[in-house]
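Overview (structure and organization)
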Amino acid sequence: MTTTPPAHSSVGTARTRVEGRDKVTGAARYAAEIPFTGLTHGWLVLSTVTRGRIRDLDTAPVLAMPGVLTVLHHGNAPRLHTDYVGLLGVPPDPAACVFQHDRVPFAGWPVALVVAETPEQAREAAEALTVTYEEEPHDTALTADHPDTYVPEGGMPAETSKGDLEAELAVSAVVVDEEYTTPEEQHSMMEPHAATARWDDGRLEVVDSNQGAGWVQGELATLFSLDPAAVRVRSEHIGGGFGSKGLRAHQVSAVMAATALDRPVRVVISRRQLFSLAGYRSPTIQRVRLGADADGRLRALEHRSLNQTSRVYEFVEPSAGVARVMYDAPAHRTAHRLVRLDVPSPTWMRAPGEASGSFAIEVALDELAERTGTDPIELRLRNEPDAGPVSGLPFSSRNLAACFHEGARRFGWQDRDPRPGLRREGRWLLGTGTAAASFGAGAAPSTAQITAEADGSFTVRIAAADIGTGARTALTLIAADALDTTPEHVRVRIGDSDFGPAMIAGGSMGTRSWAWAVTTAARDLRERLIPGTEVPPGGITVRADTTAAVGELSQKERHSFGAQFAEVAVDTTTGEIRVRRMLGIFAAGRIVNPLTARNQLLGGMTWGISMALHEEAVRDHHTGAHYAPDLAGYHVATHADVPHIEADWVDDHDPDDPVGIKGIGEIGIVGAAAALTNAVWHATGIRHRDLPLRPDRILTAAHGTKGETTRKS
């Protein structure tokens, strides 16, 4: 696909966010800040037991408290229509379909909503509500040998296989056969979930913080058996999402309460409530088996992953999927398994599957490089596939080798002594490591409207979501080029379901999908504008729908790629790990805005530091609930943990995309934890296969057998 370069060229230039001034001055209002006349406030009451039934809710004393307007629960809430498949091809999570029965399937299950005149009154009353339960035994422990392990159905294939794995392993000169684990991780975005629901002249309006206004609109319309045209969802500014901001309990309960009271109702999920209500990245237990010739060329590859899901909803963390893209072998097998436990439902979390899966496969590759005496970069390049290892499809582009070459040059990899445990600065052992990264680069149908205004400006309307990625600014630059004008003449309005269907902000597909619709609308609009003719006072509007164009895309493996590099310092007497520097070089399509693109990549790499060293939501298996579900107990990387980080990219335009872009929102975290873990091995000579790399694990391993790591938590 070719396009004529415009006279104006904004794509590729660094631009500050178009809404930046509003955000730093407070003019940009988030979902919990927008005022409404007659606003009331709801506070969710969550179960204190892990499994059982609700025997009684003593609502009378609560209803008598100051300001309390109502208490919704399974005995008085409206019935919802839940038997359907939603926009993303799955049914709704029952945890969002609140107050439909008396069952409690996990700790933190929503059992009631207290609505009052002020948020303080609502919270006080909610905490005073007495709920009596009939408690039942529970199981919240994910183990590799759990007897209830099963093969999931639907979605991506649970298993792929080719060749004779055992035969190839038997004739391999070198075999790696190890288990790797990752813990439960929480989204912990800056802005918690919030929604305000109200009825306006017979139409339901929800002001929300979400990753797709049209997505939430469709779910709410179906749940409440409403005409979709009678539901409007707005979400202009979002303070982070990472996959969790879809349909949740706060929106549904707010709609229920607004219907019951005929007043606006706002429900905000507290930080502690997020741990059970907003989804999370499931812990994983992964086994990787690699068989190779003496020079490191793979003969056999097996990647198996086990994760937990709730008893009410099935979610697969597709960790073994990364092996289906990255490396090939004559014998190749991947498999996913699930265990239903008495836990909340996991959900998508930045680079779902790839983040946890890349840790296992990239550390295993590093172990193979060590055992074959091969440079870790050279080993990966020797195993570069010509086509999709599982699909057999051609790659739209695969510039991973360019990422490694450029990264190695800039990182100084050529000066690295491959022998571990040799570099020291005082009490610190120093080491460097690397890992590869990939993430899918898809596109989904979207619609967009563009109006040529009488004053010569243009207004773009699209139901996109900017969850902090800079999407609003990227679309402004893309529209300006497509309309052959400057960004100052373009206004982009987003986050409103009334603008028509559009892809959600997820899967690194948002900007690519929206840009396609915007460029298509711009082309059609320019064909309607007659040079020298004035635009009428009402403007000229065109609408584009990319459903047909996206459907005509040829079948290919489409991915962004990257190479991660890290240097660490380890003190084996204290267990401390300090990250000295990181470098990420990526092949992520055409970069629309270098300023915000680098911001996204650096953010992902920072999350990789957090994943490697800090993040671990710990559950007390006796109670079934979390220890310290807040940002005091759940540790994330802070400024002191983040060293000098660089992110850059190589040329990588996608020839099948109108703008040449792919996606950058998730690729930055992929491989980062593995690169850090590999660097810790290079520093100490001791392998770690369990995240996070806590000080106690460093200490235990340092006093154990060299080359191994303990499995005690």
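Refer to the preceding data block for the structure.
Here is what the cut-offs are and how they apply
Residues numbered from 1 in each chain as written. Predicted model: local features only at pLDDT ≥ 70, side-chain atom pairs only at ≥ 80, totals over all residues. Heavy atoms only, no water. Pairing = 2+ DSSP bridges. Helix = DSSP H or I, 4+ residues; strand = E, 2+ residues; numbered from the N terminus. Axes fitted to C-alpha atoms, helices over the stretch in contact; angles between N-to-C directions. Contact = heavy atoms within 4.5 Å. Polar contact = N/O pair within 3.5 Å; in protein donor to acceptor, adjacent residues only side chain to side chain. Expected span 1.5 Å × (residues − 1). Buried < 20%, exposed > 50% of the residue type's maximum accessible area, 1.4 Å probe, protein only. Phe/Tyr/Trp six-rings, centres within 6.5 Å; stacked < 30°, edge-to-face > 60°. Lys NZ or Arg CZ within 6 Å of the ring centre and 35° of its normal. Salt bridge = Lys/Arg side-chain N within 4 Å of Asp/Glu carboxyl O. Core = buried A, V, L, I, M, F, W, Y, C linked by side-chain atoms within 4.5 Å.

This part takes up the sheet that holds strand S18 (residues 447-452). Strand order in the open sheet formed by four strands is S20-S19-S18-S21, and the pairing between neighbours is mixed. The two strands at the open ends of the sheet, each matched to only one other strand, are strand S20 (490-493) and strand S21 (540-545). Taking each pair of neighbouring strands and ignoring which way they run, the sheet shows an average axis angle of 15 degrees. In this sheet, S21 lies alongside S18 in antiparallel orientation, the contact comprising six bridges. Residue pairing for S21: Thr451 is matched across the bridge by Thr541. Relative to the sheet, helix H12 (residues 471-482) contacts strand S19 (458-461) and S20, its axis offset from that of S20 by approximately 135 degrees.

With respect to the helices and strands, the residue Lys662 is situated in the loop between strand S24 (644-649) and helix H16 (672-684). Within polar-contact distance, the side chain of Lys662 engages the side chain of Ser397 at 2.6 Å. Here the side chain of Lys662 touches Asp652 through a polar contact of 2.9 Å, side chain to side chain.

This part is about H16. Look at H16: 19 Å from first C-alpha to last across 13 residues, which is about the 18 Å you get at 1.5 Å a residue. With 13 of 13 residues buried, H16 is to be regarded as a mostly interior element. Just beyond H16, the residue with positive phi is Gly685, at close to 80 degrees.

The next point concerns the environment of Ala254. Within the fold, Ala254 resides in helix H6 (residues 249-261). Residue classification places Ala254 among the buried residues on the basis of a relative accessible area of 1%. In contact with Ala254, not counting residues within four places along its chain, are Ala195, Ala197, Val265 and Val267.

Burial analysis of strand S13 (residues 284-292) places eight of its nine residues in the buried class, the great majority of the element. Pairing geometry for strand S8 (residues 174-182) and S13, over nine bridges, is antiparallel. Pairing of Val175 across the sheet is with Gly291, part of S13. Strand direction decides the pairing type here: S13 and strand S14 (residues 298-310), joined by nine bridges, are antiparallel.

Glancing now at the packing of aromatic side chains. Scanning all chains against the criterion turns up nine aromatic pairs. Taking 4.7 Å as the distance between ring centres and 75 degrees as the angle between the ring planes, the aromatic pair formed by Phe242 and Trp607 counts as edge-to-face. Taken together, the residues Phe242 in the loop between strand S11 (231-234) and H6 and Trp607 in helix H15 (residues 594-613) connect sequence positions 365 residues apart. For Trp607, a relative accessible area of 8% corresponds to the buried category. Look at Trp413 and Phe565: their rings are 5.8 Å apart centre to centre, the planes differ by 70 degrees, and that puts the pair in the edge-to-face class. Within this pair, whereas Trp413 is found in the loop between helix H11 (400-411) and strand S16 (423-425), its partner Phe565 is found in strand S22 (residues 559-571), the two being separated by 152 residues in sequence. Looking at Trp413, the relative accessible area reads 7%, which means it is buried. Of the aromatic side chains, those joined through ring pairs into one cluster are Phe404, Phe411, Trp413 and Phe565. The side chain of Arg581 reaches across the aromatic face of Phe411, ending 3.8 Å from its centre. Looking at Arg687, its charged tip hangs above the ring of Trp681, at a distance of 4.3 Å from the centre.

Right, let's talk about the pattern of salt bridges for a bit. Evaluated as defined, the whole model comprises 64 salt bridges. Put simply, Glu302 and Arg289 hold a salt bridge, and the shortest N to O gap is 2.6 Å. Separated by 13 residues along the polypeptide, Glu302 in strand S14 and Arg289 in strand S13 bring together distant segments of the chain. Arg289 matches Glu302 in its accessibility class, with the two residues each being buried. Residues participating in the shared-partner salt-bridge network are Arg198, Arg203, Glu205, Arg232, Arg234, Asp496 and Asp498.

Moving on to the environment of Arg581. Tracing the backbone shows Arg581 in strand S23 (residues 576-587). Along the sequence, Arg581 and Pro643 sit 62 residues apart, while their C-alpha atoms lie 5.5 Å from each other. At 3.2 Å, the side chain of Arg581 forms a polar contact with the backbone oxygen of Phe411. Looking at Arg581, its side chain comes within polar contact range of the side chain of Glu567, at 2.9 Å.

A few words on the nonpolar core. Residues Leu290, Phe565 and Met582 are the most contacted members of the largest nonpolar core, which totals 82 residues. Broken down by element, this core gets its largest block of residues, nine residues, from helix H9 (residues 354-372). If you look at the next biggest cluster of nonpolar residues, it comprises 45 residues, including Ile450, Ile462, Ala517 and Ile661.

Read from one edge of the open sheet, seven strands run S3-S5-S1-S12-S9-S10-S11, paired in mixed fashion. Where the open sheet ends on each side, the last strands, each with one partner, are strand S3 (68-73) and S11. For this sheet, the mean angle separating the axes of adjacent strands, direction not counted, is 20 degrees. With three bridges connecting them, strand S1 (residues 40-46) and strand S12 (residues 265-268) associate as parallel partners. Pairing of His41 across the sheet is with Arg266, part of S12.

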